[in-house]
Amino acid sequence: LWIALNAPTRVNKLILESGGGVAFKPGTVQAPPSTGSEGHRESTFRALSDPTYENVLERLERIIKDPDEVTEELIHVRMAHYARPDVSKAMTEAYERSGKAGPYFQENELANVKSPTLVIWCDKSTGLGPDAGERIASLIPGAKSVLIPNTSWWGHWQEWEQHNEHVLEFLLG
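Think of each chain on its own: its residues are numbered from 1, step by step along the sequence as written. Where local features are concerned, this predicted model is filtered to residues with pLDDT of at least 70; where side-chain atom pairs are given and counted, the filter is 80 or more; whole-chain, interface and lining totals use all residues. Just so you know, side-chain values use all the structure's heavy atoms and leave hydrogens and water out.

A. Here's a closer look at the pairing of strand β4 (residues 117-122). Accessibility here uses a 1.4 Å probe with only protein chains present; expressed as a share of the type maximum, an area under 20% marks a residue as buried, one over 50% as exposed, and anything in between as partly exposed. For the purposes of this entry, the term helix denotes a DSSP run of H or I that reaches at least four residues, the term strand denotes a run of E that reaches at least two, and both are numbered from the N terminus. With six of its six residues buried, β4 lies for the most part within the structure. Going residue by residue along β4, you find T117, V119 and W121 tucked away on one face and L118, I120 and C122 tucked away on the opposite face as well. Pairing between two strands requires that DSSP report at least two bridges joining them. Relative to β4, strand β1 (residues 14-17) runs parallel, the two being bridged by four bridges. Looking at the pairing, E17 lines up with I120 of β4. Pairing geometry for β4 and strand β5 (residues 144-148), over five bridges, is parallel. The partner of C122 across the bridge, within β5, is I148.

Right under this line is the structure:
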């Protein structure tokens, strides 16, 4: 989104997936549940600095609402991902920055996105709900909004076939 706003010629199409970073005007979206993000930052920093099975499992259980969907495969994929020095550094910096800077974007900035945009949102997120995805799409000219049912934060993992179908249709359309 930052690149789409600051270097628009470098972005052909934009896909936003259950992200945050927007300072919504009061009353335009429901606030996330108070229990949704408790400890999320801390568990993320633990997983990034020490990607053990236990630390990654703790983080994933905060992100994915249904513990039965936290598979051994997912834990091991994320362990390998967080163990990469470049990934760990980039994600740590992003989380540190987000804690200090607050939301990255104001609602009125989204009207400046010129790239065709697909907003994919998860319906059971422990963070912002589906209305936030719809709101973001309504603020970006011509954006399309898609809701992936039965997903918490990672529609690309939990309902990957449906997610990929929407992404491919958007990219190839």
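Having put the structure on the table, let's press on.
B. Examining helix α3 (residues 53-63) more closely. All buried positions along α3 are accounted for by N55, V56, R59, L60 and I63. In a view along the axis of α3, the buried residues occupy a sector of 130 degrees, so they form one face of it. Working note: the arc is built from the helix axis to C-beta atom directions.

C. Seen up close, the packing of aromatic side chains. Any two rings among Phe, Tyr and Trp, with Trp reduced to its six-membered ring, count as a pair given centres within 6.5 Å; such a pair is stacked if its planes are under 30 degrees apart, edge-to-face if over 60, and tilted if neither. If you walk through the whole model with that rule in mind, you get zero aromatic pairs. Here K13 stacks its cationic end above the ring of F170, 5.2 Å away from the centre of that ring. Distance and angle both matter: a charge sits over a ring if NZ of Lys or CZ of Arg is within 6 Å of the ring centre and within 35 degrees of the ring normal.

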